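Residue strings, one per chain:
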Amino acid sequence: MHELEGAPRVPRPRRGEAEVAEHPEDPEDVRHRPEEHERVTALLGAWALAACSAEETRLVDEHLDACEACAGESLRLRDAAMLLEPRRSLDLDPELRAEVLDGCLARRPARLPVPSWAAPLDAEAARLDALLLDMADDEWLTEVRLRWFDGDTERGHTTTVAGVLDHLRASDGLLARIMSLPDPLSGLPGLDDPDAPDDPVARTLAAWAATAASSDDNGRDARAGWEPWRAQTRALVWAASRTGGRTGERRVPGPAYDAGRLPAVGGAPSLSDLYLDRAFACWVHAGDIAGAVEYPYGPPLPPHLRLLVDLAARRLPGSIAGRRRAGLARSPARLTTAGSPGRTLHLEVEGAGGGDWFIPLDSPVAAVSRTAARGAVAHVALDDVEFCRLAAGRITPDEAAAGAEGDPDIVHDVLAAAASMSRL
């Protein structure tokens, strides 16, 4: 990241003999100016905390160039000062954007307001955009490790910051097609067939291959995918605003890969869930980027986090059923009457985005009544961000800080099912 203005700079190495010859009085004169040496020694603590005046900072900086003893002490003091300051984001409070928008809309309502189900994508794309804006040129090629689960097997792939944006844009392009927006990958080899599968992995690999070819041909700038990604997310939010809030309830012919992955009726997920799914991915991958460049990155706004947690909780029954069909569940299946949820699990998610969900274990599409909820066979409690990290495959079920009671096999199956919802 760019250095903060006014922060103490790292002392430069002592000049070599040739340079000393050009400035013969620098090293020797310092030894013969004890009053300056004493004054700088007294200022080093304040200098390390960036609390010196401009004149004092210049004095210290010039002295450190010639005094090896003070240069070494300044490094020790600066490192100690960094330990006193907790790591925190250099960005503005993430709630400030929402407060400013609320204030503006209170004065003048939006002609086309952003629906509540598209607001998380709008906010998370803006936060990621701000993170990218603050990055130095060389950080765009920083390696980023992506993680997910295939059944019980943990998978991973290493790409770059630029590669993560290509991945987001390729996957978001499936939603763009549903919203009658241009597909950013249209015409790429392997995807130019209208009947090509709606597979986000295949699309991502095609996007990466195209980027690699472009880089080899003309030295493509690592930042080249930033503006197209930004334009596409803005177009998606704008398209949601044009359709209106109630259309979020509309069932749409979602991408084929979403069959059984998102809550669906007749194989068709709701438009709102497709938008929330992309907001979830944007937040998770922004965290991947921030972690790779060692930049603090907080969770979404509480109302948005609540929507993302709810989406993950509603996906759990389908994931549990899928693991049972694949023979991965530890707890035995039980037959139940039509419309009955059978056994239930109480999922308690703590934090600003949390709540309580009662998960049907034997019939993924059945509603859980109050009577069934009171008879839950197990109880699992997690923090809201921890639950989302598990659902994103960023931690394993064993790493999740979860409190649990009840049938241990069912608890394991539910935590494993949460991790199984992740993908590249």
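For clarity, every value in this text was computed on a predicted model and none was experimentally measured.

Draft legend 1. Geometry of the overall build of the protein chain. Of regular secondary structure, the protein chain possesses 15 helices and eight strands. Burial analysis of the protein chain (424 residues in total) assigns 45% to the buried set. Of the contacts formed within the protein chain by residues at least 6 apart in sequence, a portion of 70% connects residues at least 24 apart. On the protein chain, roughly 21900 Å² of surface is accessible, and the fraction owed to carbon and sulfur atoms is 53%.

Draft legend 2. Region of interest: helix 3 (residues 34–48). The end-to-end C-alpha separation of helix 3 is 21 Å, in line with the 21 Å expected for 15 residues at 1.5 Å each. Those residues of helix 3 not exposed but buried are Glu 36, Val 40, Leu 43, Leu 44, Trp 47 and Ala 48. Ala 50, located one to two residues past helix 3, shows a positive phi value of around 55°.

Draft legend 3. Layout of the side chain of Glu 36. Take Glu 36: it is sitting in helix 3. Excluding anything up to four places from it in sequence, Glu 36 contacts Leu 59 and His 63.

Draft legend 4. Local environment of helix 10 (residues 226–243). Here helix 10 spans 26 Å end to end across 18 residues, near enough to the 26 Å set by a 1.5 Å rise per residue. Those residues of helix 10 not exposed but buried are Trp 226, Trp 229, Arg 230, Gln 232, Thr 233, Leu 236, Val 237, Ala 239, Ala 240 and Ser 241. Gly 244 sits one or two positions beyond helix 10 and adopts a positive phi of about 95°.

Draft legend 5. Up close: the UniProt feature "domain: Putative zinc-finger" (unreviewed entry) in the protein chain. As recorded in UniProt, the feature "domain: Putative zinc-finger" (unreviewed entry) lies at residues 39–71. Here residues 39–71 runs as 82% helix and 0% strand, with 14 Å between its end C-alpha atoms.

Draft legend 6. Looking closely at the pattern of salt bridges. Going through the model one piece at a time under the given rule, you end up with 19 salt bridges. Of the charged contacts in the structure, one is a salt bridge between Glu 73 and Arg 76, with a shortest N-O distance of 2.8 Å. Of this pair, Glu 73 and Arg 76 both sit in helix 5 (residues 68–84), separated by three residues, roughly a single helical turn. Classification of Glu 73 by relative accessible area gives partly exposed; the value is 31%.

Draft legend 7. Up close: the pairing of strand 6 (residues 355–360). Here strand 5 (residues 344–350) runs beside strand 6; their pairing, made up of six bridges, is antiparallel. The residue of strand 6 that forms the bridge with Leu 347 is Trp 357. Remark: four residues form the turn of the hairpin made by strand 5 and strand 6, two consecutive strands paired antiparallel; Gly 351 in that turn has positive phi of roughly 110°.

Draft legend 8. How the structure looks around the nonpolar core. Within the largest apolar cluster, 53 residues are counted, with the highest numbers of intra-cluster contacts made by Tyr 275, Leu 316, Leu 345, Leu 347 and Phe 387. Each of two domains, domain 2 (118–212 + 222–298) and domain 3 (304–333 + 340–420), supplies a minimum of three residues to this core. Non-local contacts of Leu 347, meaning those with residues more than four positions away in its chain, are made with Ala 313, Leu 316, Gly 355, Asp 356, Trp 357, Ile 359, Val 380, Leu 382 and Phe 387.

Draft legend 9. Local environment of the packing of aromatic side chains. According to the stated counting rule, one finds three aromatic pairs in the structure shown. For the ring pair Trp 117 and Tyr 275, a centre distance of 5.1 Å and an interplane angle of 70° mean the geometry is edge-to-face. Residue Trp 117 is found in the loop between helix 6 (94–107) and helix 7 (119–133), and its partner Tyr 275 is found in helix 11 (residues 271–292); the two are separated by 158 residues along the sequence. Assessed through its relative accessible area of 8%, Trp 117 is described here as buried. Residue classification places Tyr 275 among the buried positions, given a relative accessible area of 0%.

Draft legend 10. Expanded view of the pairing of strand 1 (residues 143–150). Strand direction decides the pairing type here: strand 1 and strand 2 (residues 153–160), joined by eight bridges, are antiparallel. Note on strand 2: the bridge partner recorded for Trp 148 is Arg 155. The antiparallel pairing of strand 1 with strand 2 creates a hairpin that spans two residues between the two strands, and Gly 151 there sits at a positive phi of about 65°.

Draft legend 11. Quick peek at the sheet that holds strand 8 (residues 403–406). Pairing in this open sheet of four strands is mixed, and the strands run 6-5-7-8 from one edge to the other. At either margin of the open sheet sits one strand with a lone partner, and together these are strand 6 and strand 8. Taken over all neighbouring pairs, the strand axes of this sheet differ in orientation by 15° on average, direction set aside. Looking at chain direction, strand 7 (residues 378–383) and strand 8 are connected through four bridges and run antiparallel. If you follow Val 380 over to strand 8, its bridge partner there is Ala 404. Sitting on the sheet, helix 12 (residues 302–325) is in contact with strand 5 and strand 6, with an inclination near 15° to strand 6.

Draft legend 12. Representation of the environment of Asp 199 within the structure. For Asp 199, the location among the structural elements is in the loop between helix 8 (161–178) and helix 9 (200–218). Overall, Asp 199 belongs to the partly exposed group, its relative accessible area being 30%. Only 3.0 Å separates the side chain of Asp 199 from the backbone nitrogen of Val 201, close enough to count as a polar contact.

Quick notes on the rules
- Residues numbered from 1 in each chain as written.
- Predicted model: local features only at pLDDT ≥ 70, side-chain atom pairs only at ≥ 80, totals over all residues.
- Heavy atoms only, no water.
- Helix = DSSP H or I, 4+ residues; strand = E, 2+ residues; numbered from the N terminus.
- Buried < 20%, exposed > 50% of the residue type's maximum accessible area, 1.4 Å probe, protein only.
- Contact = heavy atoms within 4.5 Å.
- Areas by Shrake-Rupley, 256 points an atom, 1.4 Å probe, with all protein chains shown as cover.
- Expected span 1.5 Å × (residues − 1).
- UniProt positions renumbered as here; feature names shortened; annotations may be inferred.
- Salt bridge = Lys/Arg side-chain N within 4 Å of Asp/Glu carboxyl O.
- Pairing = 2+ DSSP bridges.
- Core = buried A, V, L, I, M, F, W, Y, C linked by side-chain atoms within 4.5 Å.
- Domains from an automatic or database assignment.
- Phe/Tyr/Trp six-rings, centres within 6.5 Å; stacked < 30°, edge-to-face > 60°.
- Axes fitted to C-alpha atoms, helices over the stretch in contact; angles between N-to-C directions.
- Polar contact = N/O pair within 3.5 Å; in protein donor to acceptor, adjacent residues only side chain to side chain.

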